[in-house]
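Overview (structure and organization)
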Amino acid sequence: MSLSFSEETHRNLLSRIPHCTGREISEWLRTVDEGPALVRFDEKVSWLRGAHNLSYGYAKAIVHEHGLRRAARKF
(Lines give C-alpha, C1' and ligand atoms only; values in the text may rest on other atoms or scores of the structure.)
Protein backbone atom coordinates (compact mmCIF):
# COMPACT_ATOMS: atom_id res chain seq x y z
CA MET A 1 0.00 0.00 0.00
CA SER A 2 1.48 3.30 -1.07
CA LEU A 3 0.71 6.57 0.67
CA SER A 4 0.73 9.85 -1.21
CA PHE A 5 2.05 12.83 0.71
CA SER A 6 1.29 16.45 -0.11
CA GLU A 7 4.22 18.71 -0.91
CA GLU A 8 3.80 20.35 2.50
CA THR A 9 3.88 16.99 4.29
CA HIS A 10 6.94 15.97 2.28
CA ARG A 11 8.79 19.17 3.28
CA ASN A 12 7.77 18.71 6.93
CA LEU A 13 9.09 15.14 6.94
CA LEU A 14 12.37 16.27 5.37
CA SER A 15 12.80 19.00 7.96
CA ARG A 16 12.40 16.48 10.82
CA ILE A 17 14.71 13.80 9.44
CA PRO A 18 18.02 15.31 10.69
CA HIS A 19 16.66 15.67 14.22
CA CYS A 20 15.12 12.19 14.32
CA THR A 21 17.94 10.29 12.60
CA GLY A 22 21.03 12.33 13.47
CA ARG A 23 21.93 12.53 9.77
CA GLU A 24 21.40 15.36 7.29
CA ILE A 25 19.31 14.88 4.15
CA SER A 26 22.45 15.14 1.99
CA GLU A 27 23.90 12.15 3.85
CA TRP A 28 20.74 10.12 3.29
CA LEU A 29 20.71 11.02 -0.42
CA ARG A 30 24.32 9.89 -0.67
CA THR A 31 23.36 6.66 1.10
CA VAL A 32 20.70 5.98 -1.54
CA ASP A 33 23.23 6.77 -4.32
CA GLU A 34 25.81 4.42 -2.83
CA GLY A 35 23.31 1.71 -1.89
CA PRO A 36 22.29 -1.29 -3.95
CA ALA A 37 21.23 -0.68 -7.55
CA LEU A 38 17.52 -1.04 -6.94
CA VAL A 39 15.15 0.15 -9.64
CA ARG A 40 11.71 0.32 -8.06
CA PHE A 41 10.71 3.05 -5.62
CA ASP A 42 9.25 0.56 -3.12
CA GLU A 43 12.42 -1.54 -3.23
CA LYS A 44 14.50 1.48 -2.25
CA VAL A 45 12.09 2.35 0.56
CA SER A 46 12.16 -1.23 1.87
CA TRP A 47 15.95 -1.30 1.71
CA LEU A 48 16.26 1.96 3.68
CA ARG A 49 13.77 0.71 6.27
CA GLY A 50 15.54 -2.60 6.75
CA ALA A 51 19.17 -1.54 6.46
CA HIS A 52 18.87 1.72 8.40
CA ASN A 53 15.88 1.13 10.66
CA LEU A 54 13.87 4.08 9.30
CA SER A 55 10.12 4.49 9.52
CA TYR A 56 8.13 4.09 6.32
CA GLY A 57 7.36 7.83 6.14
CA TYR A 58 10.98 8.94 6.47
CA ALA A 59 12.26 6.30 4.06
CA LYS A 60 9.63 7.27 1.50
CA ALA A 61 10.41 10.98 1.89
CA ILE A 62 14.13 10.34 1.36
CA VAL A 63 13.59 8.20 -1.74
CA HIS A 64 11.08 10.71 -3.13
CA GLU A 65 13.51 13.60 -2.59
CA HIS A 66 16.29 11.55 -4.17
CA GLY A 67 14.11 11.06 -7.25
CA LEU A 68 13.19 14.76 -7.43
CA ARG A 69 16.81 15.88 -7.24
CA ARG A 70 17.95 13.24 -9.72
CA ALA A 71 15.29 14.37 -12.20
CA ALA A 72 16.30 18.01 -11.73
CA ARG A 73 19.93 17.17 -12.58
CA LYS A 74 18.87 15.69 -15.92
CA PHE A 75 17.54 18.98 -17.24
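For the structure itself, look to the data block above.
Overview of the structure.

Another point: the packing of aromatic side chains. What the rule picks out here adds up to 0 aromatic pairs. Positioned above the aromatic ring of Trp-28, the side-chain terminus of Arg-23 is 4.0 Å from the ring centre.

Before going further, it helps to spend a moment on the packing of helix α2 (residues 25-34) against helix α3 (residues 41-52). Remark: α2 packs on α3, axes separated minimally by 11 Å, with the N-to-C direction vectors making an angle of 110°. With respect to α3, the axis of α2 lies roughly perpendicular. From α2, Trp-28, Thr-31 and Val-32 reach across to α3, where they touch Trp-47, Leu-48 and His-52. Each residue belonging to the contact of α2 with α3 can be placed in one class, and the counts come to 4 nonpolar, 2 polar and no charged.

Time to look at the pattern of salt bridges. Considering all chains together, one arrives at 4 salt bridges under this definition. With its nearest N and O atoms 3.3 Å apart, the salt bridge here joins Arg-11 to Glu-65. Here the residue Arg-11 occupies a position in helix α1 (residues 7-21), and Glu-65 occupies one in helix α4 (residues 56-73), the gap between them amounting to 54 residues. With its nearest N and O atoms 3.7 Å apart, the salt bridge here joins Arg-23 to Glu-27.

Reading the values: rules and limits
- Residues numbered from 1 in each chain as written.
- Predicted model: local features only at pLDDT ≥ 70, side-chain atom pairs only at ≥ 80, totals over all residues.
- Heavy atoms only, no water.
- Phe/Tyr/Trp six-rings, centres within 6.5 Å; stacked < 30°, edge-to-face > 60°.
- Lys NZ or Arg CZ within 6 Å of the ring centre and 35° of its normal.
- Axes fitted to C-alpha atoms, helices over the stretch in contact; angles between N-to-C directions.
- Helix = DSSP H or I, 4+ residues; strand = E, 2+ residues; numbered from the N terminus.
- Parallel < 35°, antiparallel > 145°, perpendicular 65-115°, else oblique.
- Contact = heavy atoms within 4.5 Å.
- Nonpolar A, V, L, I, M, F, W, Y, C, P; charged D, E, K, R; others polar.
- Salt bridge = Lys/Arg side-chain N within 4 Å of Asp/Glu carboxyl O.

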